[in-house]
Amino acid sequence: EAGVVQSPRYKIIEKKQPVAFWCNPISGHNTLYWYRQNLGQGPELLIRYENEEAVDDSQLPKDRFSAERLKGVDSTLKIQPAELGDSAVYLCASSFIGGNSPLHFGNGTRLTVT
Amino acid sequence: LAKTTQPISMDSYEGQEVNITCSHNNIATNDYITWYQQFPSQGPRFIIQGYKTKVTNEVASLFIPADRKSSTLSLPRVSLSDTAVYYCLVGDMDSNYQLIWGAGTKLIIKP
């Protein structure tokens with residue numbers, strides 16, 4: 001099966017500029033997650049979707065971050081405006097709902113804000 | 001949320017069996033134990049999951065004692081390609097998705 005696809009793989013922007021990340025989950029997975037991972041640390045959950053509904057966005061910095069999941073499939077995470085501290089790897093993951101289904105991750109987008 | 005404690009780093013040699021232990025003293029009744037592997041520039045990859053006793057798949061075994069306060073990931077006959085960061089997570093994915101990811105264990109395999 002095709003895995004979780006993320007694009008772009010790398011992005012370099014200047015601070016105060018906007019940036020967007022795209023994710024295509026595994027077909028049939030109705031739960032989608034966005035994580036942020038800083039160097040040497042584990043992933044940190046930003047938002048979780050079940051189908052098209054954001055069921056947990058408590059960790060999403062809503063002043064500058066936004067996300068959407070159109071038709072319950074693809075998802076986009078946006079930062080506007082970006083800050084130096086946003087430099088990190090942004091990971092998308094998907095899974096089935098229930099049954100303690102494991103997460104399947106994409107390879108992430110490495111964002112560098114200069 | 002169950003917090004986990006695992007060694008920051010370990011090293012071993014090719015062909016050896018490697019055991020990585022994770023401590024989770026406040027594990028809840030409905031919590032499962034899940035291990036992920038992460039290579040540089042890649043997302044984490046699911047390795048194995050268990051609830052109690054022993055689970056084995058084609059890449060690893062997971063040993064969970066009766067009190068479930070710890071678990072051990074066992075990698076048989078490691079190779080250089082097993083060099084990665086290994087994360088232990090504990091939680092009930094059905095009711096709480098805010099699983100806490102620690103820094104993981106950086107495993108280095110030497111020739």
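Above this text you will find the structure in question.
None of the values given here were measured: they were computed from a predicted structure.

Describe the nonpolar core, listing the residues and the values that go with them.
Taken as a class, soluble globular proteins show a tendency for nonpolar side chains to be buried jointly. Core analysis: the largest hydrophobic core is formed by 21 residues, its most contacted members being Phe21(A), Trp34(A), Leu77(A), Ile79(A), Tyr90(A) and Leu111(A). Among the secondary structure elements, those contributing two or more residues to this core are strand S3 (19-24), strand S4 (31-37), strand S5 (44-50), strand S8 (75-79), strand S9 (88-95) and strand S11 (109-113) of chain A. Excluding its chain neighbours within four sequence positions, the residues that come into contact with Phe21(A) are Ser7(A), Trp34(A), Ser75(A), Thr76(A), Leu77(A), Ile79(A), Tyr90(A), Thr109(A) and Leu111(A). Of all hydrophobic cores here, the second largest spans 20 residues; its members include Val18(B), Ala84(B), Tyr86(B) and Val90(B).

Quick rundown of the sheet that holds S8(A)? Include the residues and the values.
All names here are of chain A. Taken together, four strands build an open sheet; the order of strands is S1-S3-S8-S7 and the sheet is antiparallel. Whereas interior strands pair on both sides, the edge strands pair on one side only; in this sheet they are strand S1 (5-7) and strand S7 (65-69). Neighbour-to-neighbour, the strand axes of the sheet open up by a mean angle of 15°, direction not taken into account. Sheet topology places S1 next to S3; three bridges connect them, and they run antiparallel. Considered in S3, the bridge of Gln 6 is made with Cys 23.

How would you explain the environment of Val90(B) if you had to name every residue and give the values?
Residue and element names in this part refer to chain B. Checked against the element boundaries, Val 90 lands in strand S8 (residues 84-91). The exposure class assigned to Val 90 is buried, which follows from its relative accessible area of 5%. A C-alpha to C-alpha distance of 9.8 Å links Val 90 and Tyr 51, two positions 39 residues apart in sequence.

Describe in detail the interface of chain A and chain B, supporting the description with residues and values.
Residue-level contacts link 26 residues of chain A with 19 residues of chain B. Here chain A and chain B share an interface that buries about 1,700 Å² over both sides, 47% of which is from carbon and sulfur atoms. Among the residues chain A hides against chain B, the three largest losses belong to Pro43(A), Asn100(A) and Phe105(A). Together they make up 32% of the total. In this structure, the connection of chain A to chain B is made through zero salt bridges. Connecting chain A to chain B are nine residue pairs in polar contact (both at pLDDT 80 or more). Considering each element in turn, the side of chain A that touches chain B owes the most residues, four residues, to S4(A). Counted by class, the side of chain A that touches chain B contains nine nonpolar, 13 polar and four charged residues.

Basis of the calculations
Residues numbered from 1 in each chain as written. Chains lettered and ligands numbered in written order. Predicted model: local features only at pLDDT ≥ 70, side-chain atom pairs only at ≥ 80, totals over all residues. Heavy atoms only, no water. Core = buried A, V, L, I, M, F, W, Y, C linked by side-chain atoms within 4.5 Å. Buried < 20%, exposed > 50% of the residue type's maximum accessible area, 1.4 Å probe, protein only. Helix = DSSP H or I, 4+ residues; strand = E, 2+ residues; numbered from the N terminus. Contact = heavy atoms within 4.5 Å. Pairing = 2+ DSSP bridges. Axes fitted to C-alpha atoms, helices over the stretch in contact; angles between N-to-C directions. Buried area = accessible area lost by both parts, 1.4 Å probe. Salt bridge = Lys/Arg side-chain N within 4 Å of Asp/Glu carboxyl O. Polar contact = N/O pair within 3.5 Å; in protein donor to acceptor, adjacent residues only side chain to side chain. Nonpolar A, V, L, I, M, F, W, Y, C, P; charged D, E, K, R; others polar.

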